[in-house]
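For reference, the chains in residue letters:
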Amino acid sequence: VEAALADGPLAGRHVVVTSGPTHEPIDPVRYIANRSSGAQGTAIAAALVALGARVSFVTGPASVPPPPGVEVVSVETARQMRDAVMAALPADAGVFAAAVADWRVANAADRKMKKDGSGTPPALEFAENPDILAEISGLTEGRPALVVGFAAETDNVVAHATAKRARKGCDWILANDVSEGTGIMGGSENEVTLISDAGAETWPRMGKDAVARQLAQRIAEALA
Ligand code: CTP
Ligand code: CA
């Protein structure tokens, strides 16, 4: 195995992968989160390892275990994920597959919130989390040569994803349609469109592992 890894097309390359959801505390016993199993990010990290890459795997609390062979950095919140990604740099490529919570609770309590008997629920206030993909894409020093983001959309998938790519400044976006009926959220298959300078390229629907292998192959070609 060691010899095979040393020979892979990504041998000597370092890739940072984010995966899973983030959890944003409300109080010590409650949180808000995104729906994400971490399956696609985990499959991508495994496929990169299979091609010989050293992978820093920055993961929120996912429901699938991290793949063998990666350097796991476990985080809970978006801000911890951001700090862990920065600490993992420099990297040749970054793949940002995490479902990061866009907002955290600004008035999180440090003790368990209790019902006070009045019937009035507590009011949560929110603050916007750092956009990790945009921040890494915008680095003037130490930016990975290839920055890949994801765009899970429910309508106008390519238009939304193309705008998102421009707004965030990443090189590639893998867009997918996660609307009900596609069965992609929580399923084992994915159907993605790769958006790059070259335009939009839709891949056939396939297993998440196959999407991961194809993406890893494309990353290897881009870095070669
Ligand atoms: N992302 C990130 N940090 C955030 C939010 C998103 O790194 N705080 C990354 C995701 O990992 C993904 C890409 O940005 O690769 C797009 O995430 P998405 O939620 O689709 O984009 P948003 O800019 O948050 O837009 P939306 O309002 O559609 O949620
Ligand atoms: Ca978002």
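Note that the coordinates shown come from a computational prediction; the quantities given were computed from them, not determined experimentally.

The rules behind the values
Residues numbered from 1 in each chain as written. Chains lettered and ligands numbered in written order. Predicted model: local features only at pLDDT ≥ 70, side-chain atom pairs only at ≥ 80, totals over all residues. Helix = DSSP H or I, 4+ residues; strand = E, 2+ residues; numbered from the N terminus. Rg over C-alpha atoms; globule rule 2.2 N^0.38 Å. Buried ≥ 20, exposed ≤ 12 C-beta atoms within 10 Å, placed from the backbone. UniProt positions renumbered as here; feature names shortened; annotations may be inferred. Contact = placed C-beta atoms within 7 Å. Core = buried A, V, L, I, M, F, W, Y, C linked by C-beta atoms within 7 Å. Pairing = 2+ DSSP bridges. Axes fitted to C-alpha atoms, helices over the stretch in contact; angles between N-to-C directions. Expected span 1.5 Å × (residues − 1).

Undergrad: Pulling in residues and values, what's your account of the overall build of the protein chain?
TA: In terms of helices and strands, the protein chain carries six helices and 14 strands. Relative to the 2.2 N^0.38 estimate, which gives 17 Å for 224 residues, the radius of gyration of the protein chain is 18 Å and therefore close to what a compact globule would have. In terms of overall dimensions, the protein chain has C-alpha extents of about 65 × 35 × 35 Å along its principal axes. When the 224 residues of the protein chain are sorted by exposure, 38% land in the buried category.

Undergrad: Explain the UniProt feature "binding site: CTP" (unreviewed entry) in the protein chain to me, using residue names and the numbers behind them.
TA: Taking the UniProt record as the reference, the feature "binding site: CTP" (unreviewed entry) is found at Asp-102, Lys-112, Pro-130, Asp-131, Ile-132, Leu-133, Phe-150, Lys-164 and Lys-168. Across 67 residues, the annotated set is spatially dispersed, with a maximum C-alpha separation of 37.6 Å. Among the secondary structure elements, Pro-130 is positioned in the loop between β8 (126–128) and α4 (132–137). Contact partners of Pro-130, with chain neighbours within four places excluded, come to Ala-78, Arg-79, Arg-82 and Glu-135. With respect to the helices and strands, Lys-168 occurs in helix α5 (residues 157–168).

Undergrad: Any details on the nonpolar core? Residues and values, ideally.
TA: Of all hydrophobic cores here, the largest spans 55 residues; its most connected members are Val-17, Ile-44 and Leu-48. Among the elements that take part in this core, helix α2 (residues 39–50) stands out by supplying eight residues, more than any other. In this view, Ile-44 contacts Val-17, Val-95, Ala-97, Ala-212, Leu-215 and Ala-216; residues no more than four positions away in its chain are not counted.

Undergrad: Residue-level account of the sheet that holds strand β10 (residues 172–177), with values.
TA: Here eight strands make up an open sheet; going across it, the order is β5-β4-β1-β6-β9-β10-β12-β13 and the pairing mixed. Two strands lie at the open edges of the sheet, namely β5 (71–74) and β13 (199–202), each paired on one side alone. The average angle at which neighbouring strand axes cross in this sheet is 20°, direction not considered. Note: strand β9 (residues 146–153) against β10, six bridges, orientation parallel. In the strand pairing of β10, Phe-150 is matched with Leu-174. The strands that helix α3 (residues 78–88) touches are β1 (14–19), β4 (54–59) and β5; relative to β4, the one it contacts most, it runs at about 165°.

Undergrad: Would you mind going over unusual backbone geometry in detail, with residue names and values included?
TA: Along the chain, Leu-89 connects to Pro-90 via a cis peptide bond; the corresponding omega equals 5°. Relative to the assigned elements, Pro-90 resides in the loop between α3 and β6 (93–96). In this structure, Asn-156 is a non-glycine residue whose phi angle is positive, near 45°. Within the secondary structure, Asn-156 sits in the loop between β9 and α5. For Asn-156, a count of 11 C-beta atoms within 10 Å puts it in the exposed group.

Undergrad: Hey, could you go over the environment of Ala-50 for me, with residue numbers and the actual values?
TA: Positionally, Ala-50 belongs in helix α2. Residues Ala-50 and Ala-91, 41 residues apart in the sequence, show an inter-C-alpha distance of 17 Å.

Undergrad: Help me get a handle on α2, residues and values and all.
TA: For α2, spanning twelve residues, the distance from its first C-alpha to its last is 16 Å, which sits close to the expected 16 Å at 1.5 Å a residue. Within α2, eleven of the twelve residues are buried, which leaves the element mostly enclosed by the surrounding structure. Those residues of α2 not exposed but buried are Ala-39, Gln-40, Gly-41, Thr-42, Ala-43, Ile-44, Ala-45, Ala-46, Ala-47, Leu-48 and Val-49. Among the structural elements, β1, β4, β6, β11 (189–190) and α6 (208–223) are those in contact with the buried residues of α2. Downstream of α2 by a residue or two, Gly-52 has a phi angle that is positive, lying close to 100°.

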